[in-house]
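Breakdown of the fold
As a plain string of letters, each chain reads:
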Amino acid sequence: MQAPGQQELHRDVTELVAEQIDIQRAAGQLPPWVSPKAMAELVVAVVHGTLVTSMVDPAYSDAAAIGQQFAQLLLEARTTPD
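Residues numbered from 1 in each chain as written. Predicted model: local features only at pLDDT ≥ 70, side-chain atom pairs only at ≥ 80, totals over all residues. Heavy atoms only, no water.

**Examining the pattern of salt bridges**
Oppositely charged side chains are able to pair whenever their charged atoms sit close together. What the rule picks out here adds up to two salt bridges. Its salt-bridge partner being Asp22, residue Arg25 comes within 3.4 Å of it at the nearest N-O pair. On the criterion of helical spacing, the pair formed by Arg25 and Asp22 is a turn pair, its members being three residues apart in helix α1 (residues 6-26). When its relative accessible area of 36% is taken as the criterion, Asp22 is described as partly exposed. Glu41 is the partner of Lys37 in a salt bridge, and the nearest nitrogen-oxygen pair spans 2.4 Å. Of the two residues, Lys37 and Glu41 both sit in helix α2 (residues 36-56), four residues apart, roughly one turn of that helix. Residue classification places Lys37 among the exposed positions, given a relative accessible area of 54%. (Salt bridge = Lys/Arg side-chain N within 4 Å of Asp/Glu carboxyl O. Helix = DSSP H or I, 4+ residues; strand = E, 2+ residues; numbered from the N terminus. Buried < 20%, exposed > 50% of the residue type's maximum accessible area, 1.4 Å probe, protein only.)

**Some thoughts on the side chain of Thr14**
Note on placement: Thr14 falls in helix α1. For Thr14, the side chain forms a polar contact with the main-chain oxygen of His10, separated by 2.9 Å. Dropping the residues within four chain positions of it, Thr14 is found in contact with Ala40, Glu41 and Val44. (Polar contact = N/O pair within 3.5 Å; in protein donor to acceptor, adjacent residues only side chain to side chain. Contact = heavy atoms within 4.5 Å.)

**Observations concerning the packing of α1 against α2**
Packed helix pairs are specified by the crossing angle of their axes together with the interaxial distance, meaning the distance between the axes. Contact geometry of α1 with α2 gives a least axis separation of 8 Å together with a crossing angle of 125 degrees. Overall, the two elements α1 and α2 adopt an arrangement that is oblique. The chirality of how α1 crosses α2 is right-handed. Contacts from His10, Val13, Thr14, Val17, Ala18, Ile21, Asp22 and Arg25 in α1 reach Pro36, Lys37, Met39, Ala40, Glu41, Val43, Val44 and His48 in α2. Grouping the amino acids of the contact of α1 with α2 by side-chain chemistry returns nine nonpolar, three polar and four charged. (Axes fitted to C-alpha atoms, helices over the stretch in contact; angles between N-to-C directions. Parallel < 35°, antiparallel > 145°, perpendicular 65-115°, else oblique. Left-handed = near helix turned anticlockwise from the far one by under 90°. Nonpolar A, V, L, I, M, F, W, Y, C, P; charged D, E, K, R; others polar.)

Spelled out as structure tokens, the structure:
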């Protein structure tokens with residue numbers, strides 16, 4: 001069961017992230033194969049998964065380490081404009 005507005009919030013956040021990814025791709029900072037919508041959904045899914053894992057087993061999950069690893073992964077995908 002979804003809380004009222006949950007789906008709309010999820011879509012709004014995903015669309016906002018997709019817009020930022022599209023801007024970076026258009027500027028040549030991300031490779032052309034990056035799909036803004038798909039990558040935005042991936043980013044939101046990683047955030048959601050990290051939150052769930054942190055709540056289910058906070059003693060085992062290291063949200064900061066996950067965030068650092070994911071940020072590094074995204075940074076490595078960036079390209080340098082010609």
